[in-house]
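So the chains spell out like this:
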Amino acid sequence: MDTKGRLVAGSHNRNEFVLINADEVARVTSVKELSGQICQICGDEIEISVDGEPFVACNECAFPVCRPCYEYERREGNQACPQCKTRYKRIKGCPRVEGDEEEDGADDLENEFDIANHDRRDPHHIAAAILSARLNINRGSQPHVSGISTPAELDAASVATEIPLLTYGQEDVGISSDKHALIIPPFMSRGKRVHPMPVPDPSMTLPPRPMDPKKDLAVYGYGTVAWKERMEDWKKKQNENLQVVKHEGNNGDEFEDPDLPMMDEGRQPLSRKLPIPSSKINPYRLIILLRLAIVGLFFHYRILHPVNDAYVLWLISVICEIWFAVSWILDQFPKWYPIERETYLDRLSLRYEKEGKPSELASVDIFVSTVDPMKEPPLITANTVLSILSVDYPVDKVACYVSDDGAAMLTFEALSETSEFARKWVPFCKKFNIEPRAPEWYFAQKVDYLRDKVDPTFVRERRAMKREYEEFKVRINGLVAMAQKVPEEGWTMQDGTPWPGNNVRDHPGMIQVFLGHDGVRDIEGNELPRLIYVSREKRPGFDHHKKAGAMNALVRVSAIISNAPFLLNVDCDHYINNSKALREAMCFMMDPISGKKICYVQFPQRFDGIDRHDRYSNRNVVFFDINMKGLDGIQGPIYVGTGCVFRRQALYGYDAPVKKRPPRRTCNCLPKWCCCCCRSKKKNRKSKSNDKKKNNKEVSKQIHVLENIEEGIEGIDNEKSSLMPKIKFEKKFGQSPVFIASTLMEDGGVPKGPTTASLLKEAIHVISCCYEDKTDWGKEVGWIYGSVTEDILTGFKMHCHGWRSVYCIPKRPAFKGSAPINLSDRLHQVLRWALGSVEIFFSRHCPIWYGYGCGLKSLERFSYIASVVYPLTSIPLLIYCTLPAVCLLTGKFIVPEISNIASILFMSLFIVIAVTSILEMQWGGVGIHDWWRNEQFWVIGGVSSHLFALFQGLLKVLAGVNTNFTVTSKGGDDGEFSELYIFKWTSLLIPPMTLLIINIIGVIVGISDAISNGYDSWGPLFGRLFFAFWVIVHLYPFLKGLMGKQDRLPTIIVVWSILLASIFSLLWARVNPFISKGGIVLEVCGLNCD
């Protein structure tokens, strides 16, 4: 879509359509003035023929209909003009359909049989198309296996009188013997061939060969037992030849077929599963079962042995332990079938990137979302966009959409600068094949970039490019500094036009195509991917649904402009670290065997800028390397919000394709009066009729979406009946005919015909604030509303529709981003995630009761339940972390005096817990340091963020009190890890701080009490002390963050100094040598003896 580099702004409700930066400032352009004659069905402009005349579909009334609608009506509709009801005649250049009169001329055969539209120019495919059109009269409902679109709807009676229908080895009774059929002769090739369909010689003619049906078909070599035997011999020989080529190479002249690599590697699977070795996974499963049994025995003992003198403490502890066990089961069993995957990028290239031909890789629309440029610095967003534009993928297949939900002119100007710098950066990346392709991180690498690059040209251009990037950073930082103070009259653009987004909460929709239109190329003259700025319309009084609403707006506007079949969404701070990431995803999505059932490919999140110790478990390695691998073996990983490649059709709420069952076995040996055969035939006929009705129903839906065809339905008004299917589609997708038409295109692509003006009008329409009213957007279509964690809900709905997802972990991380390393920011981030889970728990989409009887598997449901109920663990965890201090202060304990058998049981439980974790780390490839940090932050986040999220969720559901969405800060400018030591007070710090203080006090009081009471009290104290130290050790990172940066004295020394000082002070008070321990204590009586 060419906008000539102008910003398009408008509002569908207010009938505004403005082109800014045009020849006339702020010129309001009417869409009808830019268009020619308009099609009365789809609203697109009618094409102009070579003679300069508009296309005329009906010669009787000249009702304005464009060529695509004309062909669609002839192919799928009632083949009549909507106005005068006259049957359409075939126009030269259009394919033949059922009911067309016979034509004597042969100058339009390719268009008549719809061959030219599929780029099948060789004589073999032309003849095959004609033959298929003639012979497949009664198979119109069957799919074309050959992939050639043929007019299967030909008139059976008229064609059958000319050419008979041959069967395998038998003649049709209804065919007279004086008729002949066209048989395609096999092509003769030089040398031996290993393909069933050799490449034809274009110089050869294609004379049809007559065949007499009276003769034996063996004369012609078709349909006989000998022919089948020869086919089996050929298949066997082909497999042997492929093995020779694969293992021994091709050194002779025996295999000269240029397409042989396609047979060998190109047709192999594009990916494969790598199960965890049995030496690792079998002991892991055995330990899980053993742990389950020990947990059962543990609760048997705990329930049958209450503590009478501390019954309340015992009861509370047992309830908490039961909840922990349920949570463990929900988390553990989805990891029963962990797998890994491996992709083959070379096979992908062999299959879809043939030498000398355009790339057949699918197009990808990439979404980048941003809100506040002050919290999400434009330089970080610019690096993400630059890494997308320079990705290793065909440039005409990539379109980058940047959603500016804050309508900030700073973001718009930064993207304008980014588009200019991309003209230099993209060719540099592709010329020298550098990684990563985000300039900030590429130039920040602490590696010797000259190690493998000895070319002096690279050294010179790299230095020049670094200078260009430094100047680019200066310009971006200058824009940021300028944006700190907003003018009173608002921002104005360079041509003097007021910025449409000056009012963030009340502004029209805006679209700007920076790259991808004609005339904008890189400095070497090569084409660049599309870069499109989008800011959806916002008006007061509308619920815009935060990030989920912005993503749905991008889905619609991208369908109008590029309509790629696959979508990739990334956060503005997640750049593409592996330039082949899209190819990795296509190895799954475009796999001809299993790709059709995959709704999305999720990549793990990896982060830059995290301290070496990962104090607050920002990397979350346990989740991404253990839990997600386990889910991949069931139905696929959950969607985590970024770094995910979607299938567009799955986002539209369609069900996953159902695998067709093989046909039932039928017997031909028994006579026709056999009852079982009759029954089977009746069943087959009934199922075929039902399938035919279903297919006709689906086709009629598609017809009525694009056309208003009046059909008389008994008992229903004609006008209402013609609008019913259209209304159903509009209720689901909204009132945009162009967008609805795009949803029917499974393989993507924009239909030819609509003008730029009509597309711009529709693009502004679909991002208007009221477009989603009374539709299924956010309910069944697109990103699902109802939670701030729209990612979990969206993935859950897809899995309920029967789709499966895939987890892809390339050797080089596909994406990298930044994470909040400050304690307060990290807690707020976890709070937002937990609040989203609580919202899902109290909604109708809760996996506990939603989605039964659909395509969701049981273990996958377990994982979704675990991802929703984990904030509820905060209350038992808070209570359980308080119990040690209570036990130390009161002298009571939650466990009675245990016997030897009970001691063995407790020790066994601790051992199996440790062994389970060790085996998980072994097959997941996780280090013990990452595992321990994850355990620590589970306690820290559980008693703070999860607890607050639970109460906020309850307030929202019961009292309707909404909480504001806080955007996490994406970067800092004060040096490496500077934010790690910044102390930001927040109420989230109160619960863990309280737990820490009372447990330290409990330890001091317990030790002092043991010192005072003597040797016998030390035995029971050890259990309580172990319990309290468990809490303190888990809260240690929190304490370290609370202490801030210690320039000279480490935090651990301060903590242990206070603790040991208190203990020794009490001990000194107990064994003070200056106090007499024996004899009679003499006191002054107070009497005056004198």
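Residues numbered from 1 in each chain as written. Predicted model: local features only at pLDDT ≥ 70, side-chain atom pairs only at ≥ 80, totals over all residues. Heavy atoms only, no water.

Caption draft 1: Geometry of the side chain of D404. Its location among the elements puts D404 in strand 9 (residues 398–404). Here A408 takes part through its backbone nitrogen, which lies 2.7 Å from a polar atom of the side chain of D404. Once you skip the residues sitting within four places of it in the chain, D404 turns out to touch T370, V371, T411, Y533, V534 and S535. (Helix = DSSP H or I, 4+ residues; strand = E, 2+ residues; numbered from the N terminus. Polar contact = N/O pair within 3.5 Å; in protein donor to acceptor, adjacent residues only side chain to side chain. Contact = heavy atoms within 4.5 Å.)

Caption draft 2: How the structure looks around helix 25 (residues 858–869). With 12 residues, helix 25 should cover 16 Å at 1.5 Å per step; its first-to-last C-alpha distance of 16 Å lies within 8% of that length. Burial of helix 25 is extensive: 9 of the 12 residues sit out of reach of the surface. For helix 25, the complete set of buried residues consists of E860, R861, S863, Y864, I865, A866, S867, V868 and V869. Buried residues along helix 25 sit in contact with helix 9 (311–332), strand 14 (598–602), helix 17 (621–632), helix 23 (790–800) and helix 24 (823–841). (Expected span 1.5 Å × (residues − 1). Buried < 20%, exposed > 50% of the residue type's maximum accessible area, 1.4 Å probe, protein only.)

Caption draft 3: Region of the structure containing the environment of R583. Mapped onto the secondary structure, R583 falls in helix 16 (residues 581–589). With relative accessibility at 9%, the residue R583 sits in the buried group. Considering only alpha carbons, one finds R583 and D346, 237 residues apart in sequence, at a separation of 10.0 Å. Filtering out sequence-adjacent residues up to four positions away, R583 remains in contact with L345, L348, S349, E353, L361, D392, Y393 and P394. In terms of polar contacts, R583 uses its side chain to reach the backbone carbonyl oxygen of D392, at 3.0 Å.

Caption draft 4: Focus on the packing of helix 17 against helix 27 (residues 900–924). Packing of helix 17 against helix 27 brings their axes to within 9 Å, and their N-to-C directions diverge by 85 degrees. The pairing of helix 17 with helix 27 is recorded here as roughly perpendicular in orientation. Packed against helix 17, whose contacting residues are D625, I626 and K629, the element helix 27 presents E920, M921, W923 and G924 at the interface. Along the lines of polarity and charge, the residues of the contact of helix 17 with helix 27 split into 3 nonpolar, 1 polar and 3 charged. (Axes fitted to C-alpha atoms, helices over the stretch in contact; angles between N-to-C directions. Parallel < 35°, antiparallel > 145°, perpendicular 65-115°, else oblique. Nonpolar A, V, L, I, M, F, W, Y, C, P; charged D, E, K, R; others polar.)

Caption draft 5: The arrangement of unusual backbone geometry in detail. The omega torsion of the bond from E435 to P436 falls at -10 degrees, within 30 degrees of zero and hence cis. Tracing the backbone through its elements, the reader meets P436 in the loop between helix 12 (409–432) and helix 13 (439–443). The backbone of K85 sits at a positive phi, close to 65 degrees, despite the residue not being glycine. Residue position: K85 is located in the loop between helix 2 (67–76) and helix 3 (109–112). What makes K85 partly exposed here is its relative accessible area of 48%. Despite not being glycine, N563 shows a phi value in the positive range, around 55 degrees. Summarising the element assignment, N563 is placed in the loop between helix 15 (546–561) and strand 12 (566–571).

Caption draft 6: Layout of the sheet that holds strand 18 (residues 815–818). Pairing within the open sheet is mixed, and its 3 strands lie in the order 13-18-15. With partners counted over all chains shown, the strands left at the sheet margins are strand 13 (575–576) and strand 15 (606–608), one partner each. Here 2 bridges tie strand 13 to strand 18, and the two strands are oriented antiparallel to one another. Residue Y575 lies in a different strand from strand 18, and its bridge partner there is K816. (Pairing = 2+ DSSP bridges.)

Caption draft 7: Region of the structure containing the environment of S742. Mapped onto the fold, S742 is located in helix 21 (residues 737–743). With 180 residues separating them in the primary sequence, S742 and S562 have C-alpha atoms 9.8 Å apart. In this structure, S742 is in contact with A559 and N563, ignoring residues within four places of it in sequence.

Caption draft 8: Examining the packing of helix 15 against helix 22 (residues 756–766) more closely. For the pair helix 15 and helix 22, the least separation of the axes is 9 Å and the interaxial angle reads 170 degrees. Considering their axes alone, helix 15 and helix 22 lie roughly antiparallel with respect to each other. Facing helix 15, whose interface residues are R556, V557 and I560, helix 22 presents L759, E762, A763 and V766. Counted by class, the contact of helix 15 with helix 22 contains 5 nonpolar, no polar and 2 charged residues.

Caption draft 9: Here's a closer look at the pairing of strand 8 (residues 364–370). Most of strand 8 is tucked away, with 7 of its 7 residues classed as buried. What you see with strand 8 is no split at all: V364, I366, V368 and T370 on one side and D365, F367 and S369 on the other are buried throughout. Where the polypeptide runs from strand 8 across helix 11 (residues 378–389) and back to strand 9, its parallel neighbour, the crossover connection is right-handed. Bridge count between strand 8 and strand 12: 6 bridges; the pairing is parallel. Bridge assignment links I366 to a residue of strand 12, and that residue is L568. (Right-handed = clockwise from strand over helix to strand, strands pointing away.)

Caption draft 10: Focus on the pairing of strand 14. Summarising burial for strand 14: 5 of the 5 residues are buried, a large majority. Here strand 14 pairs with strand 17 (residues 804–807) via 4 bridges, running parallel. In the sheet register, Q602 faces strand 17, and the bridge partner there is Y807. As paired strands, strand 14 and strand 16 (residues 644–647) are joined by 3 bridges and run antiparallel to one another. Paired with Q602 across the bridge in strand 16 is C644.

Caption draft 11: Looking closely at the side chain of E376. Position of E376 among the secondary structure elements: in the loop between strand 8 and helix 11. For E376, a relative accessible area of 7% puts it in the buried group.

Caption draft 12: Region of the structure containing the packing of aromatic side chains. Tallied over the full model, the rule gives 46 aromatic pairs. Judged by centre distance (5.2 Å) and plane angle (65 degrees), the rings of Y880 and F1027 are edge-to-face. Of this pair, Y880 sits in helix 26 (residues 874–890) while F1027 is found in helix 31 (residues 1018–1034), placing the two residues 147 residues apart along the sequence. Of the two residues examined, Y880 and F1027, each falls in the buried class. Joined through ring pairs, the aromatic side chains of F421, W425, F428, F432, Y442, F443, F458, Y469 and F472 make up one cluster. The ring of F937 is capped by R826, whose NZ or CZ atom sits 4.7 Å from the centre of that ring. (Phe/Tyr/Trp six-rings, centres within 6.5 Å; stacked < 30°, edge-to-face > 60°. Lys NZ or Arg CZ within 6 Å of the ring centre and 35° of its normal.)

Caption draft 13: Here's a closer look at the nonpolar core. By size, the foremost hydrophobic cluster in this structure holds 75 residues, and its most contacted members are W425, M586 and V601. Counting residues per element, this core draws most heavily on helix 12, which supplies 12 residues. Beyond its immediate stretch of four places on either side in the chain, W425 contacts L386, S390, I434, R437, A438, P439, Y442, F443 and M465. Listed in part, the 68 residues of the second largest apolar core include I532, L759, A763 and I764. (Core = buried A, V, L, I, M, F, W, Y, C linked by side-chain atoms within 4.5 Å.)

Caption draft 14: Representation of the confidence of the model for the chain in the model. Across the chain, the average pLDDT comes to 75, with 67% of residues at 70 or higher. Low pLDDT (under 50) marks residues 22–35, which in the prediction has 23 contacts with non-local residues, meaning those over four places away or in another chain. Confidence drops under a pLDDT of 50 for residues 1072–1077, and excluding neighbours within four residues, the segment shows 4 contacts in the predicted structure. (pLDDT = per-residue confidence, 0-100.)

Caption draft 15: Local environment of the pattern of salt bridges. Under the defined criterion, the tally for this structure stands at 30 salt bridges. The residue R804 makes a salt bridge to D632 at a minimum N-O spacing of 3.4 Å. You can see R804 sitting in strand 17 and its partner D632 sitting in helix 17, a full 172 residues away along the chain. One salt bridge connects K797 with E780, and the closest N-O pair in it is separated by 3.0 Å. Linking K797 in helix 23 with E780 in the loop between helix 22 and helix 23, this pair joins segments that are 17 residues apart in sequence. Because the salt bridges share partners, they merge into one network encompassing E353, D392, K580 and R583. (Salt bridge = Lys/Arg side-chain N within 4 Å of Asp/Glu carboxyl O.)

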